[in-house]
Amino acid sequence: MAGIWFDDMEVGQVIDHPIRRTVTETDNVMFTCMTHNPAQLHLDEEYMKGTEFGTRIVNSCFTLSVMVGISVNDTTLGTAIANLGWDEVRFPKPLFHGDTIRIETEIVGLRESKSRPEAGIVTFEHRAFNQHGDLVASCKRSGLQRKRPAEA
């Protein structure tokens with residue numbers, strides 16, 4: 001079990017996730033096609049040459065998925081009961097093929113569950129940065145998190 005028990009979390013705690021990920025063209029094209037997203041932003045290099053970006057940008061849903069996915073091992077693996085929702089999803093700068101992202105997570109809210117005494121509600125703020133240190137994505141994610149089991 002690699003995740004954190006609800007009891008061991010503190011508001012303001014920041015986790016710098018050790019996994020980094022270089023995003024490839026294959027990642028972007030496969031994810032875009034698998035999700036039936038026909039946007040030229042992700043698939044049409046010639047079209048994108050004439051835009052402010054000059055090249056295709058990475059599908060933001062892929063960026064969101066990788067950002068949250070990288071966080072799981074250090075936060076909720078084996079300790080989560082359920083993902084409750086995502087809020088305030090933002091993409092302040094585009095991600096491009098070849099960019100390497102790093103993720104950090106801050107615990108921004110904790111409260112006891114009203115219906116489950118063995119669990120609490122945690123709110124994470126995930127942030128993704130490219131290799132230049134630019135914030136490329138962020139979101140808040142709420143989850144139902146297990147408390148540390150009582151000793152037998």
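As a starting point, this report considers the structure included with it. No experiment lies behind these values; they were computed from the predicted model shown.

**Focus on the packing of aromatic side chains**
Phase 1 of the analysis: A full pass over the atoms with the stated rule returns 2 aromatic pairs.
Phase 2 of the analysis: Considering the side-chain rings of Phe31 and Phe62, the 5.5 Å spacing of their centres and the 70° angle between planes classify their relative orientation as edge-to-face. Of the two residues, Phe31 sits in helix H1 (residues 25–34) while Phe62 sits in helix H4 (residues 60–75), which places them 31 residues apart along the sequence. Each member of the pair, Phe31 together with Phe62, is buried.

**Re the pairing of strand S5 (residues 119–129)**
Phase 1 of the analysis: Burial analysis of S5 places 10 of its 11 residues in the buried class, which makes it a mostly covered element.
Phase 2 of the analysis: Both strand S4 (residues 100–112) and S5 contribute to a ladder of 10 bridges, which runs antiparallel. Note that in S5 the partner of Glu106 across the bridge is Glu125.
Phase 3 of the analysis: The turn linking S4 back onto S5 is made up of 6 residues.
Phase 4 of the analysis: Pairing geometry for S5 and strand S6 (residues 135–146), over 11 bridges, is antiparallel. By the bridge assignment for S6, Val122 is matched with Gly143.
Phase 5 of the analysis: Where S5 folds back onto S6 in an antiparallel hairpin, the turn is made up of 5 residues, including Gly133, whose phi is positive at roughly 85°.

**Let's talk about the pattern of salt bridges**
Phase 1 of the analysis: Scanning the entire structure with this criterion turns up 13 salt bridges.
Phase 2 of the analysis: A salt bridge links Lys49 to Glu46, with the shortest nitrogen-to-oxygen separation between them at 2.9 Å. Taken together, the positions of Lys49 and Glu46, both in helix H3 (residues 45–49) and 3 residues apart, correspond to about one turn of that helix.
Phase 3 of the analysis: With a shortest N-O distance of 3.2 Å, Glu106 and Arg127 are connected by a salt bridge.

**Here we look at unusual backbone geometry**
Phase 1 of the analysis: The phi torsion at His36 lies on the positive side, around 60°, for a residue other than glycine.
Phase 2 of the analysis: Within the fold, His36 resides in the loop between H1 and helix H2 (40–43).
Phase 3 of the analysis: With a relative accessible area of 71%, His36 lands in the exposed category.
Phase 4 of the analysis: With a phi close to 50°, Glu88 is a non-glycine residue in the positive phi region.
Phase 5 of the analysis: Secondary-structure assignment places Glu88 in strand S3 (residues 80–90).

**Here we look at H1**
Phase 1 of the analysis: Regarding H1, the residues found buried are Asp27, Asn28, Phe31 and Thr32. Projected onto a plane normal to the axis of H1, the buried residues spread over an arc of 115° and lie on a single side.
Phase 2 of the analysis: Where H1 is buried, its residues touch strand S2 (21–22), H2 and H4.
Phase 3 of the analysis: Where H1 ends, the next residue or the one after it, His36, has phi of about 60°, a positive value.

Thresholds, definitions, all that
- Residues numbered from 1 in each chain as written.
- Predicted model: local features only at pLDDT ≥ 70, side-chain atom pairs only at ≥ 80, totals over all residues.
- Heavy atoms only, no water.
- Phe/Tyr/Trp six-rings, centres within 6.5 Å; stacked < 30°, edge-to-face > 60°.
- Helix = DSSP H or I, 4+ residues; strand = E, 2+ residues; numbered from the N terminus.
- Buried < 20%, exposed > 50% of the residue type's maximum accessible area, 1.4 Å probe, protein only.
- Pairing = 2+ DSSP bridges.
- Salt bridge = Lys/Arg side-chain N within 4 Å of Asp/Glu carboxyl O.
- Arc of directions from axis to C-beta.
- Contact = heavy atoms within 4.5 Å.

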